[in-house]
Amino acid sequence: MYLERAPVPGLSAVVRTVWIQRTGATDHVHRHLPTGGVELHFPIGGRPHLLGPLTGPAIEVIPARTTLVGVRFHPGTAPPLPAVLDDLVDQRLSLADLWGATVERLVDAIARATTPERALMYLQAHLLNEFRIAGRPDRLVREAVRALMPWQPVAIDSVASQLSLSTSQLRRRCLHAVGTTPKVLQRTLRFQGFLALAQAGATPSGRRGVDGTAGLAIDAGYADQAHLSRECLRLTGLTPTQLLGENLDRCACEHDHSGSYLPFLAGLSMHDLFKNPRVRRS
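A few words on the packing of aromatic side chains. Summed over all chains, the structure comprises three aromatic pairs. Judged by centre distance (6.3 Å) and plane angle (35 degrees), the rings of F191 and F194 are tilted. Residue F191 and its partner F194 are located together in helix α7 (residues 182–199), separated by three residues, close to a single helical turn.

As structure tokens, this is what we get:
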């Protein structure tokens, strides 16, 4: 079972989605994909860890009969950490090594939770307090992330100019706050845009007279389906068909990711693309 949902309102500016996951009678092989942000994975009764910014797929074997709660952050809005994010790229780190004794208290509180839902609330309450103490993430990086979303392709130099930064300054700030360069982030967000359209049941716009996967690829900013396929292999280790299965609107593992992808589409102005009423929002 894998259930995503929106975070509590106080975290919506920094958290993309939260989730509860339960494995069955056998170990579960989970493929983590680059999202542009970091994630907290908190097995109930186990040791939590942070998944740093990914530039490619990361395979994890989750033991049988495990229940965990998780938090996925927007790019540039990681929780308070004792290191800049470019030191944590493609790493899976013990949260105890990053947060020290604070984690032990949180582990105890979550282990005593009577339900996974309550455990997830404890974790979010802790994050709310951490962000109150640490202050807001880098505002200019958040503006850069918004500018690099796939729906309006833009040159990195242009983004830097809009923010009154040099290209090297923007690169340095993104490395510290996101973990990757602006160009790598832009490529990751473009792929996430394609996944968002697919998971939301989007109807291709029909530009260049193509439909299906090829049409959604063009709507997300790819030159063509071959371009998408190359990026999909690089970022996930799979082809688009292997990743999503035969049905574009659900991943091959049958997880419902609407809690993650609907916020990703919130700023999209192309509402007429969608055939699924649940994504028709302003």
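The tally for this structure, following the rule as stated, stands at nine salt bridges. For R92, the salt bridge is made with E60, and the minimal N-O distance between the two is 3.2 Å. Here R92 is found in strand β8 (residues 92–94), whereas its partner E60 is found in strand β6 (residues 58–62), with 32 residues between them in sequence. Judged by its relative accessible area of 53%, R92 falls in the exposed class. Several salt bridges share partner residues, and in doing so they unite R187, R190, E231 and R234 into one network.

Moving on: a nonpolar patch on the surface. Nonpolar side chains collect at one region of the surface, where V29, I59 and V61 lie side by side and expose about 280 Å² of accessible area between them. Relative to the helices and strands, V61 resides in strand β6. Overall, V61 belongs to the partly exposed group, its relative accessible area being 49%.

Further remarks concern the side chain of T188. Inspection of the secondary structure assignment puts T188 in helix α7. For T188, the residues in contact, after removing those within four places along its chain, are P34, T35, G36 and L235.

Its place among the elements puts E231 in helix α9 (residues 225–236). With relative accessibility at 5%, the residue E231 sits in the buried group. Here E231 is in contact with R187, R190 and Y222, once residues within four sequence places are set aside.

In this section: unusual backbone geometry. Here R65, not a glycine, exhibits a phi torsion of approximately 55 degrees, which is positive. Here D90, not a glycine, exhibits a phi torsion of approximately 60 degrees, which is positive. Counting through the fold element by element, D90 comes out in the loop between β7 (67–73) and β8.

Further remarks concern the nonpolar core. L170, F191, F194 and L195 are the most contacted members of the largest nonpolar core, which totals 39 residues. Secondary structure elements with two or more residues in this core: α4 (139–147), α5 (156–162), α6 (167–177), α7, α8 (212–220), α9 and α10 (240–244). Not counting the four nearest positions on each side in its chain, L195 is found in contact with L33, L243, L244 and Y261. Core analysis: the second largest hydrophobic core is formed by 30 residues, V14, I20, L85 and L127 among them.

Conventions we followed
- For every chain, the first residue of the written sequence is number 1, and numbering continues from 1 along that sequence.
- In keeping with the model being predicted, local features are shown solely for residues with a pLDDT of at least 70 and side-chain atom pairs are shown and tallied solely at 80 or more, while totals for entire chains, interfaces and linings include all residues.
- Remark: hydrogens and water are excluded; side-chain values derive from all non-hydrogen atoms of the structure.
- Aromatic rings from Phe, Tyr and Trp, with only the six-membered ring used for Trp, were paired whenever their centres fell within 6.5 Å, and each pair was classed as stacked if the ring planes differed by under 30 degrees, edge-to-face if by over 60, and tilted otherwise.
- Numbered from the N terminus, helices here are DSSP runs of H or I no shorter than four residues, and strands are runs of E no shorter than two.
- Put simply, a salt bridge is a Lys or Arg side-chain nitrogen that is within 4 Å of an Asp or Glu carboxyl oxygen.
- Three exposure classes are used, based on accessible area relative to the maximum for each residue type with a 1.4 Å probe and protein chains only: buried under 20%, partly exposed in between, and exposed over 50%.
- A residue counts toward a patch only above 30% relative accessible area and without a salt bridge, and it is joined to like-charged neighbours within 9 Å or, for Val, Leu, Ile, Met, Phe, Trp and Tyr, to nonpolar neighbours within 5 Å.
- Accessible areas in this description were obtained via Shrake-Rupley with a 1.4 Å probe; residue shielding takes into account the shown protein chains only.
- Any two residues having at least one pair of non-hydrogen atoms within 4.5 Å are treated as being in contact.
- By nonpolar core we mean a set of buried residues, namely Ala, Val, Leu, Ile, Met, Phe, Trp, Tyr and Cys, connected to one another through side-chain atoms within 4.5 Å.

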